[in-house]
Amino acid sequence: MHWADVVAEKLLESGKKHVISSGITPSGPIHLGSMREILTADAIVRAVNDKGGEAELLYVADNADPLRKVYPFLNEEKYGAYVGRPLAEIPAPEGDRSYDQFFLKPFFQALEEVGVRPKVIDNYDYYKNGKYNECVKKIIESRNEARDILEKISGRQLPKHWFPWTFKDKDGKLCNGKFIRYEWPFVYFENKSGDEIQNNIEKGEGKLPWRLDWPSKWKILGVTFEAFGKDHATKGGSFDTGKRIVKDILDYKEPHHLVYEWINLKGKGAMHSSTGLAISAEEMLRMAPPEVIRWLIMQPQPNRHVDFDPGLGLLNSVDKYDRSLQTYYSGDLEENSSRALELSQIKAIPEEENQTIPYRHLVTLSQSKENHEEIEKTLVRTGDIKKLNTNEIKNLKSRLNCIEGWLDNYAPESVKFKIQKNVPNLDLNSDEKIYLENLKEKMTLIDWNPESIHDSFYELQETSEISAKEYFRIMYLVLLGKERGPRLGFFLATIDKDFVINRLDSY
RNA sequence: GGGCCUGUAGCUCAGCUAGGUAGAGCGUCCGGCUUUUAACCGGACGGCCAAGGGUUCGAAUCCCUUCAGGCCCGCCA
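Everything quoted here is computed from the prediction, not taken from an experiment.

Comments concerning the overall build of chain A
Item 1. Regarding its fold elements, chain A presents 22 helices and 13 strands.
Item 2. Computed over the C-alpha atoms, the radius of gyration of chain A is 30 Å, more than 25% above the 23 Å expected from 2.2 N^0.38 for a compact globule of 507 residues.
Item 3. Dimensions of chain A, computed from the C-alpha atoms along their principal axes, are close to 95 × 55 × 35 Å.
Item 4. Out of the 507 residues in chain A, the part that is buried amounts to 52%.
Item 5. Residue pairs in contact within chain A that sit at least 24 positions apart in sequence constitute 69% of those at least 6 positions apart.
Item 6. Across chain A, the centroid of the 71 positively charged side chains sits 5 Å from that of the 80 negatively charged ones.

Some words on helix 8 (residues 210-221)
Since the α-helix packs 3.6 residues into each turn, any two residues three or four apart lie on the same face.
Item 1. Between its terminal C-alpha atoms helix 8 stretches 16 Å, which fits the 16 Å expected from twelve residues at 1.5 Å a residue.
Item 2. Burial of helix 8 is extensive: nine of the twelve residues sit out of reach of the surface.
Item 3. At the exit of helix 8 stands G222, carrying a positive phi of roughly 70°.

A closer look at the protein's contact with RNA strand B
Item 1. Around RNA strand B, 33 residues are found, and the nearest of them are K230, L312, S414, Y458 and R487.
Item 2. When the atoms of RNA strand B within 4 Å of the protein are grouped by moiety, sugar and phosphate amount to 63% of the total.
Item 3. Measuring from a phosphate oxygen of RNA strand B, one finds a side-chain N or O atom of R484 at 3.0 Å.
Item 4. Here a sugar or linking oxygen of RNA strand B and a backbone polar atom of G485 are 3.3 Å apart.

Some words on the environment of L333
Item 1. Secondary-structure assignment places L333 in the loop between helix 13 (312-330) and helix 14 (335-344).
Item 2. Residues L333 and A227, 106 residues apart in the sequence, show an inter-C-alpha distance of 28 Å.
Item 3. If near-sequence neighbours (up to four positions away) are discounted, L333 is found in contact with S324, T327, Y328, S338 and L341.

Details of the nonpolar core
Item 1. By size, the foremost hydrophobic cluster in this structure holds 77 residues, and its most contacted members are I20, M35, I44, M284 and F308.
Item 2. Considering each element in turn, this core owes the most residues, ten residues, to helix 2 (residues 32-50).
Item 3. Shared between two domains, this core takes at least three residues from each, and those domains are domain 1 (1-157 + 209-343) and domain 2 (354-416).
Item 4. Each residue touching F308, except ones within four places of it in the same chain, is listed here: L32, I263, N264, L265, K266, I279, M284, M287, L296 and L314.
Item 5. Within the second largest apolar cluster, 40 residues are counted, among which are L58, C135, W214 and W218.

Some remarks on unusual backbone geometry
Item 1. A cis amide bond, omega 0°, links W184 with the succeeding residue P185.
Item 2. By secondary structure assignment, the location of P185 is in the loop between strand 6 (178-183) and strand 7 (186-190).

Considerations on the sheet that holds strand 8 (residues 196-200)
Item 1. Taken together, three strands build an open sheet; the order of strands is 6-7-8 and the sheet is antiparallel. This sheet does not close on itself; its edge strands, each paired only once, are strand 6 and strand 8. Strand-to-strand, the axes of this sheet are offset by a mean angle of 25°, without reference to chain direction.
Item 2. The pairing of strand 6 with strand 7 spans five bridges and is antiparallel. Within the sheet, the bridge partner assigned to F179 lies in strand 7 and is F189.

Some points on the pattern of salt bridges
Between side chains of opposite charge, a pair can form when the charged atoms approach closely.
Item 1. Under the defined criterion, the tally for this structure stands at 29 salt bridges.
Item 2. One salt-bridge network, held together by shared partners, links D5, E9, D50, K51, R339 and E342.

Considerations on the domain arrangement of chain A
Item 1. As far as domains go, chain A holds domain 1 (1-157 + 209-343), domain 2 (354-416) and domain 3 (430-504).
Item 2. Measuring from the centre of the C-alpha atoms in domain 1 to the corresponding centre in domain 3 gives 53 Å.

A few points about the pairing of strand 1 (residues 17-24)
Item 1. When you tally the buried positions in strand 1, you get six out of eight residues, the bulk of the element.
Item 2. This β-α-β element, strand 1 to helix 2 to strand 2 (residues 54-61), shows right-handed connectivity.
Item 3. Two strands pair when backbone bridges link them, and strand 1 and strand 9 (residues 225-229) are joined in this way by two bridges, in the parallel orientation. Counted as the bridge partner of S21 is E226 from strand 9.

Description of helix 16 (residues 372-381)
Item 1. The set of residues buried in helix 16 consists of I375, E376, T378 and L379. Within helix 16, the buried residues cover an arc of 160° as seen down the axis, which keeps them to one side.
Item 2. Two to three positions downstream of the cap, the backbone nitrogen of E373 sits 3.2 Å from a side-chain oxygen, assigning the N-cap of helix 16 to N371.

Some details on the sheet that holds strand 1
Item 1. Pairing is parallel across the open sheet formed by five strands, whose spatial order is 3-2-1-9-10. Each edge of the sheet is formed by a strand with only one pairing partner; in this case those strands are strand 3 (119-122) and strand 10 (256-260). In this sheet, adjacent strand axes meet at a mean angle of 25° when their direction is disregarded.

Things to note about the packing of aromatic side chains
Item 1. Here the structure, examined in full by the defined rule, presents 27 aromatic pairs.
Item 2. Ring centres of Y59 and F107 lie 5.7 Å apart, and the angle between their planes is 40°; this geometry places the pair in the tilted category. Separated by 48 residues along the polypeptide, Y59 in strand 2 and F107 in helix 4 (residues 99-113) bring together distant segments of the chain.
Item 3. Residue classification places F107 among the buried positions, given a relative accessible area of 0%.
Item 4. Each ring, one from Y260 and one from W262, has its centre 6.3 Å from the other, and the planes form 75°; the classification is edge-to-face.
Item 5. By relative accessible area, which is 5% here, Y260 ends up buried.
Item 6. Taken together, the ring pairs connect Y71, F73, Y79, Y82, Y99, F102 and F103 into an aromatic cluster.
Item 7. The side chain of K131 reaches across the aromatic face of Y126, ending 4.5 Å from its centre.
Item 8. Here the basic side chain of R181 rests over the ring of Y188, its NZ or CZ set 4.0 Å away from the ring centre.

What about the pairing of strand 2?
Item 1. Along strand 2, six of the eight residues are buried, which leaves the element largely enclosed by surrounding structure.
Item 2. Of the strand pairs in this sheet, strand 1 and strand 2 are connected by eight bridges, and their pairing is parallel. In the strand pairing of strand 2, S22 is matched with Y59.

Quick notes on the rules
Just so you know, the residues in each chain are numbered from 1, in the order the chain's sequence is written. Going through the entries in the order they are written, you letter the chains from A and number the ligands from 1. Per-residue local features are limited, in this predicted model, to residues with pLDDT of at least 70; the limit for side-chain atom pairs, both in listing and counting, is 80 or more; totals at the level of whole chains, interfaces and linings are taken over all residues. Just so you know, side-chain values use all the structure's heavy atoms and leave hydrogens and water out. Where helices and strands are cited, they refer to DSSP runs of H or I of at least four residues and of E of at least two residues respectively, numbered from the N terminus. Only C-alpha atoms enter the radius of gyration; for comparison, a globular chain is expected to reach 2.2 Å times N to the power 0.38, where N is the number of residues. A 1.4 Å probe rolled over the protein chains alone gives each residue an accessible area, and that area as a share of the maximum for its type sets the label: buried under 20%, exposed over 50%, partly exposed in between. It only takes one pair of heavy atoms within 4.5 Å for two residues to be counted as in contact. For the purpose of counting charges, residues Lys and Arg are taken to be positive, whereas Asp and Glu are taken to be negative. His and the chain ends are not included. In this description, the location of a charge corresponds to atom NZ of lysine, CZ of arginine, CG of aspartate or CD of glutamate. Multiplying 1.5 Å by the helix residue count minus one yields the expected span of that helix. Proximity is defined per residue: if any heavy atom of the residue lies within 4 Å of a molecule or strand, that residue is considered near it. Any pair of nitrogen or oxygen atoms within 3.5 Å is treated as a polar contact; in protein, a donor-acceptor pairing is required on top of that, and neighbouring residues in sequence qualify only through side-chain atoms on both sides. In this description, a nonpolar core means a group of buried Ala, Val, Leu, Ile, Met, Phe, Trp, Tyr and Cys residues linked to one another through side-chain atoms lying within 4.5 Å. Domain start and stop points were drawn from an automatic or database domain assignment. The pairing criterion is simple: DSSP has to find at least two bridges between the two strands. The axes are straight lines fitted to the C-alpha atoms, using for helices just the contacting stretch, and the angles between their N-to-C directions are given from 0 to 180°. Definition used for salt bridges: Asp or Glu carboxyl oxygen within 4 Å of a side-chain nitrogen of Lys or Arg. Seen with the strands pointing away from the viewer, any crossover whose path from the first strand over the helix to the second strand runs clockwise is right-handed. Taking the helix axis as origin, the arc is that swept by the directions to the C-beta atoms. Any two of the Phe, Tyr and Trp rings considered here, Trp counted by its six-membered ring, make a pair once their centres fall within 6.5 Å; the pair's planes then place it as stacked at under 30 degrees, edge-to-face at over 60, or tilted in between. In this scheme, Lys NZ or Arg CZ marks a charge over a ring once it lies within 6 Å of the ring centre and within 35 degrees of the ring normal.

Here it is, written out as structure tokens:
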């Protein structure tokens, strides 16, 4: 059984309605690794609903969290002063929005494209509007017990003047001050310079520290399931303390959970937006079809790490996805893979199989043709496809967009080429000029389709004692200005015959 | 120091939740095909399932121990 269904069945044993939560601190570009969390959650929402349950997906934007430091992608001068301020109160690197929205907006846009529409929880607003009141009160009332749980389970010592609230200093920065006294909704603390500061808890001046904030969210939002990264899952970590806090102090049942592994960039290690070693969700969508992105997450077990290779590996992933889809329609795909494919669809899986155009062909065509229509026409002419229906056209276009993005940013040089509009300047010897002459004659005579073109090269080889390889090489040089290129029969058939003959004739 | 995950064919991995004769893709080799951005078709080779022990009629699968690798936590989230 697919992992999402295993979880869904377990959830349904304890009730029909479920709140599946996911979230992130929007401190930088939100990357593919973070996307694993919400896609994992989304898969479980779908699985619960498929089995007759009612699951809702939440996405908590932890924008009350402070900016921890000036990240490498930020301007030191501008952001130095904002370190410590809540993300929701800081200006964005560009434009009028706030910092958190600057990173969240494109991420939500990306989520929509991969078919995920969570209910978004603005954590900053939650604090401002007093949604945490009840939980904060309870925790403050039982602060000795809370302290005990945190110290015992996490094994770390809390300061003598600990109070379960991250204070907000008069300069707007979150800080750990010395607790003085408390009288709901006010708490008083002494800051570093020795001033006494008042925070109004009801108005979100300050926030709960993470280890208390998380379990409070479970209760406030009614969370029954959450998938989280292994950083939270360690013994004595925030989940361990959270489940005790929520049970003993907040009187709520700990949510079911699942721990997922990181996504690594092939050969480079785990993604971190803070170091810049990451591919953001938006970037990802500009180079890979959304269903393939989902599939990269749905196919493996959540506890396996994923090595993502944005180079040639991406082409392989798309090919693999396409191939499994074809196997799916022929009914030969095993259960888990079939389910993974269903969960990878943006909408429902189409009942009728669409024509798949080999992705590598499209990589070639997108570099040799001007626009989508020409590409489609060419594919029909070469017999690779029949006329496309509306759905297929849409599909073709979105895939071509991905390919263009990929070629611009991630494709290795070996797959890139450009048809030379002007005749490349080549230093040819007399033998080579003869090859060209022979080639031209041959090309003039044949039908312009992949097989005849291909065949003609081997006929030339037989009659002229020159290797076919040499003919290939010279053809690529003349057309592309480089020694290698796409499979020649197919490639030539996609471009204009007269153009090719003229080119050969100009040497 | 503590914890989690992983270890199955040369490589990448599935199979483990629910025990019932070891699987796929790629690579290699052979055959076919007028051989190419890492083409296609057919076939073969290939594994003490990391090691040891236990439970069982029966273990890759469950339990214990060990070894190896990766990562997380012990600041913050």
